[in-house]
Protein chains: 2
Amino acid sequence: MATLKDVAELAGVSVKTVSNVVNGYSFVKPENERKVREALAATGYKPNVGARNLRRGRTGFIALMVPELSIPYFGELAGGVITAAHAHDWSVLIEQTHGLRDPEAATLASLGPHMVDGAIISPEALHTQDFTRNPTDVPMVLLGEHSLDVPIDHVGIDNVQAARIAVRHLIDLGRTRIAVVGQNPSRGTATQRLAGYHSALADAGLPAPPPGYIAPAAHYHHRDGAEAMARLLALPEPPDAVFCFNDMLAHGAVRAAAERGCNVPRDIAVVGFDNTEHSKYSLPSLTTIAPDKAALAKAAVELVHQRANGDVSAVRDVQIPFTLQVRESTSG
Amino acid sequence: MATLKDVAELAGVSVKTVSNVVNGYSFVKPENERKVREALAATGYKPNVGARNLRRGRTGFIALMVPELSIPYFGELAGGVITAAHAHDWSVLIEQTHGLRDPEAATLASLGPHMVDGAIISPEALHTQDFTRNPTDVPMVLLGEHSLDVPIDHVGIDNVQAARIAVRHLIDLGRTRIAVVGQNPSRGTATQRLAGYHSALADAGLPAPPPGYIAPAAHYHHRDGAEAMARLLALPEPPDAVFCFNDMLAHGAVRAAAERGCNVPRDIAVVGFDNTEHSKYSLPSLTTIAPDKAALAKAAVELVHQRANGDVSAVRDVQIPFTLQVRESTSG
DNA sequence: CTGAAAGCGCTAACAG
DNA sequence: CTGTTAGCGCTTTCAG
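Quick look at the structure, then. None of the values given here were measured: they were computed from a predicted structure. (Residues numbered from 1 in each chain as written. Chains lettered and ligands numbered in written order. Predicted model: local features only at pLDDT ≥ 70, side-chain atom pairs only at ≥ 80, totals over all residues. Heavy atoms only, no water.)

So, about the protein's contact with DNA strand C. Close contacts around DNA strand C come from 23 residues, with Leu 4, Tyr 45 and Arg 52 of chain A together with Thr 17 and Asn 32 of chain B the closest. With respect to DNA strand C, the backbone of Leu 4 of chain A contributes an N or O atom lying 2.5 Å from a phosphate oxygen. Within the side chain of Tyr 45 of chain A, a nitrogen or oxygen atom sits 2.5 Å from a phosphate oxygen of DNA strand C. At the level of secondary structure, the elements contributing two or more residues to the surface near DNA strand C comprise α2 (15-23) and α4 (49-56) of chain A together with α2 (15-23) and α4 (49-56) of chain B. Its residues assigned to classes, the surface near DNA strand C shows nine nonpolar, seven polar and seven charged. (Near = heavy atom within 4 Å. Polar contact = N/O pair within 3.5 Å; in protein donor to acceptor, adjacent residues only side chain to side chain. Helix = DSSP H or I, 4+ residues; strand = E, 2+ residues; numbered from the N terminus. Nonpolar A, V, L, I, M, F, W, Y, C, P; charged D, E, K, R; others polar.)

Structural data, given as structure tokens:
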């Protein structure tokens with residue numbers, strides 16, 4: 001592979017001059033520029049990014065830590081992050097944690113300051129001390145909700161309020177036996193959505209739900225939603241509405257209901273969370289909380305970018321808007 | 001940030017010794033090792049990956065180029081690649097191209113040899129000359145089908161055969177008016193699946209389909225499938241079965257059919273391609289070609305790994321197994 | 001077993 | 001406007 005020096009020799013100038021034209025710096029004598037460009041083309045020179053970064057003290061990468069790319073919500077989010085990062089000449093390095101604490105902590109620890117210029121993380125099981133034990137000076141932003149008490153920038157939506165609106169919608173439909181699917185004490189998002197649920201119930205003067213109505217889910221895949229729905233329908237008094245903590249749970253729940261001859265929305269209304277692409281086209285289409293994912297991704301990238309450029313102002317908490325998309329799964 | 005030198009000074013030894021214990025090399029005098037470890041802990045030393053790689057001539061990254069992470073198939077695939085890459089201490093850098101030639105070519109050109117140790121690419125619109133114009137010595141493997149005549153390792157499934165099996169299944173069901181959705185001359189996969197379709201029809205002695213039965217799709221999202229199905233159903237003689245070139249097209253098509261009072265599978269049977277997680281839980285669940293995605297990802301990573309380690313044997317073409325998952329969308 | 005010193009490819013002072 | 005030179009932090013001969 002050709003180096004700067006090779007090009008310089010071939011062009012009969014110094015490396016500095018070559019470096020100058022490569023980087024578009026200062027003014028280079030036209031004739032030299034021409035010679036350099038020829039040499040550049042002749043050698044097929046490509047800068048060694050590693051060496052350049054070592055010198056400049058930046059790496060050109062940011063890390064994105066998510067539970068699983070196979071969850072459409074995170075796939076969509078990751079796509080948005082990659083797009084937003086490009087605006088700052090960043091490439092995105094993606095790590096998966098499966099929402100487990102150990103991989104999350106390990107990823108955090110591996111974020112050497114010379115590996116990435118910043119990181120966007122969506123932890124699900126991380127504890128506060130995982131941060132303090134391994135302090136790093138890589139600018140980080142938390143994407144999505146969390147129950148961590150750490151001085152780190154955060155961008156997300158108001159989960160409590162979103163859950164309240166979702167449940168309120170169900171109440172407005174006249175449903176009174178409302179269950180949730182996705183309870184998981186180790187997930188910050190779940191805790192907040194559960195709080196919103198309780199608050200909506202209380203606001204409407206509805207009685208506290210029986211314990212069986214708070215259905216847990218270890219993971220947030222279709223299968224978990226289906227299993228939860230099966231348990232819900234086996235209850236002595238099954239719910240007439242279910243608020244699922246993500247769309248996959250909801251789709252799994254809808255199918256489980258259908259398999260048991262239970263019509264959605266007539267017998268049971270279902271609301272999801274995330275508004276993944278599929279939810280607009282499923283049968284029935286899914287009513288769901290729709291966060292502005294592109295805005296979420298963009299805000300996160302902008303925040304790390306500011307921090308990476310030396311912004312040391314107070315910790316920020318950015319709230320991104322969301323809407324409730326009403327569709328067939330609650331239209332009856 | 002602490003450097004090797006800092007640690008060495010604190011421990012009262014040379015950088016070599018510190019480097020040795022950090023890398024687990026050779027035998028270090030126990031006492032020195034102890035001192036070094038203490039200094040390591042005290043300073044919170046983390047190696048500068050950039051510098052190390054500059055020296056070692058490897059970067060620790062591989063690039064993965066896909067159309068869109070928001071397409072569940074690629075989300076699942078990318079997840080598999082990240083997992084497989086970890087086994088070789090690689091982090092994965094993901095680039096999106098939206099299936100467009102310019103971003104694809106640009107990504108290819110940016111693959112400086114010092115940026116990544118290898119690349120796994122799923123091009124959709126790239127031309128042969130985009131490769132030859134920008135030769136790079138980064139080991140690459142093509143993931144998925146393509147119609148490129150380039151000497152590059154390839155891993156994929158037998159698309160022609162898969163399509164043939166899918167269509168054959170429809171024929172076995174007694175369907176005779178079989179359409180396809182997803183035709184797109186610039187996509188290698190589409191061309192191959194179309195060939196399989198024609199071949200299955202011919203094998204069964206069925207007449208060549210009317211031109212309207214080959215429904216094009218610019219993109220492979222739900223919306224495109226829905227639009228194609230709408231057109232198909234408006235035909236004077238609508239099909240009684242549709243083979244869609246991916247699951248999202250299929251789900252979009254199913255919904256469009258339902259919206260027009262057309263029952264799947266009774267009035268029209270639908271087969272998809274990719275077996276994304278959703279297809280097992282949709283209503284109706286979707287019959288689809290199921291490639292072994294984990295194997296696909298793993299084979300691709302292994303291949304770049306071998307090449308990155310100097311394997312210069314002949315260009316390989318790895319075929320990964322697939323199955324036909326028969327579900328409700330064709331069970332009638 | 002360990003220290004000194006060279007140098008990976010590049011950029012940024014600093015002189016000219 | 002351009003050449004020289006000193007490192008960025010690390011690994012690695014090469015001597016001890």
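All names here are of chain A. Across the junction of Val 264 and Pro 265, the peptide omega takes the value 10°, indicating a cis bond. A cis geometry characterises the amide bond from Leu 283 onward to Pro 284, with omega recorded as -5°. Residue position: Pro 284 is located in the loop between β9 (269-273) and β10 (287-291). For Asn 275, which is not a glycine, the phi torsion comes out positive at approximately 55°.

Spatial ordering of the open sheet is given by β11(A)-β5(A)-β4(A)-β3(A)-β1(A)-β2(A)-β2(B)-β1(B)-β3(B)-β4(B)-β5(B)-β11(B), a layout of twelve strands whose pairing is mixed. Of all the strands in the sheet, just β11 (317-319) of chain A together with β11 (317-319) of chain B have a single pairing partner and so form its edges. Within this sheet the neighbouring strands show an average axis-to-axis angle of 25°, counted without direction. The sheet contact formed by strand β1 (residues 61-66) of chain A and strand β2 (residues 91-96) of chain A spans six bridges and is parallel. Directly across from Met 65 of chain A, in β2 of chain A, lies its bridge partner Glu 95 of chain A. In this fold helix α12 (residues 293-308) of chain B packs onto β3 (118-121), β4 (140-143), β5 (153-156) and β11 of chain B, with an angle of close to 165° to the strand it touches most, β5 of chain B. (Pairing = 2+ DSSP bridges. Axes fitted to C-alpha atoms, helices over the stretch in contact; angles between N-to-C directions. Contact = heavy atoms within 4.5 Å.)

Taken together, 23 residues surround DNA strand D, and among them Thr 17 and Asn 32 of chain A together with Leu 4, Tyr 45 and Arg 55 of chain B come closest. In DNA strand D, atoms within 4 Å of the protein come 66% from sugar and phosphate. A distance of 2.8 Å separates a phosphate oxygen of DNA strand D from a polar backbone atom of Ser 14 of chain A. Interatomic distance of 2.4 Å between a side-chain N/O atom of Asn 32 of chain A and a phosphate oxygen of DNA strand D.

Each copy of the sequence occupies a distinct position, and chain B is placed on chain A by a rotation of 180° and an axial shift of 0.0 Å, giving an RMSD of 0.1 Å. Taken together, the turn and the small shift mark the pair as related by a two-fold rotation axis. Proximity to the rotation axis, assessed at the C-alpha, singles out Leu 93 of chain B in chain B; its C-alpha lies 2.2 Å from the axis. The residues that chain B uses at the interface reappear at the interface of chain A in 98% of cases, marking a shared surface. (Least-squares fit on C-alpha atoms with pLDDT ≥ 70 in both.)

Here we take up the sheet that holds strand β9 (residues 269-273) of chain B. All names here are of chain B. One open sheet accounts for six strands, arranged β7-β6-β8-β9-β10-β12; its pairing is mixed. In the strand order of this sheet, the two ends are held by β7 (214-216) and β12 (322-325), each with one partner. Strand-to-strand twist of the sheet, defined as the mean angle between neighbouring strand axes without regard to direction, takes the value 20°. Pairing of β9 with strand β10 (residues 287-291) involves three bridges; the strand directions are parallel. Within β10, the residue paired with Val 271 across the bridge is Thr 287. Against the sheet, helix α9 (residues 188-203) contacts β6 (178-183), β7, β8 (241-244) and β9, and its axis sits at roughly 170° relative to β6.

With that settled, consider the interface of chain B and chain A. Counting residues at the interface gives 51 residues for chain B and 51 residues for chain A. In total, chain B and chain A occlude about 4,400 Å² of area from one another, counting both sides; carbon and sulfur atoms represent 60% of this. Area buried by chain B at its contact with chain A is led by Arg 255, Tyr 281 and Leu 283 of chain B, which between them contribute 16% of it. Between the two partners, chain B and chain A, sit two salt bridges. A salt bridge links Arg 255 of chain B to Glu 328 of chain A; the nearest nitrogen and oxygen atoms lie 2.4 Å apart. Where chain B meets chain A, there are 19 residue pairs in polar contact (both at pLDDT 80 or more). Looking at the side of chain B that touches chain A, the elements with two or more residues in it are α4, α5 (72-86), β2 (91-96), α10 (222-233) and α11 (247-259) of chain B. (Buried area = accessible area lost by both parts, 1.4 Å probe. Salt bridge = Lys/Arg side-chain N within 4 Å of Asp/Glu carboxyl O.)

Looking now at helix α10 (residues 222-233) of chain A. All names here are of chain A. With twelve residues, α10 ought to run about 16 Å at 1.5 Å a step, and its terminal C-alpha atoms sit 17 Å apart, in line with that. For α10, every residue scored as buried is listed here: His 222, Asp 224, Gly 225, Ala 226, Ala 228, Met 229 and Leu 232. Looking at the packing, one finds that the buried side of α10 touches β6 (178-183), β7 (214-216), β8 (241-244), α11 (247-259) and β9. (Expected span 1.5 Å × (residues − 1). Buried < 20%, exposed > 50% of the residue type's maximum accessible area, 1.4 Å probe, protein only.)

Now for the pairing of β8 of chain B. Residue and element names in this part refer to chain B. Side chains Ala 241 and Phe 243 project from β8 onto one buried face, and the interleaved Val 242 and Cys 244 project onto a second face that is buried too. Direction of pairing for β6 relative to β8: parallel, over a ladder of four bridges. Counterpart to Val 180 in the pairing with β8 is Phe 243. Pairing geometry for β8 and β9, over three bridges, is parallel. Following the sheet pairing, Phe 243 is matched in β9 by Val 271.

So, on to the pattern of salt bridges. All names here are of chain A. Per the stated rule, a full pass over the model turns up 30 salt bridges over all chains. A salt bridge links Glu 259 to Arg 260, with the nearest nitrogen and oxygen atoms 3.8 Å apart. Since its relative accessible area comes to 51%, Glu 259 is described here as exposed. Among the residues examined, Arg 260 registers a relative accessible area of 45% and is labelled partly exposed.

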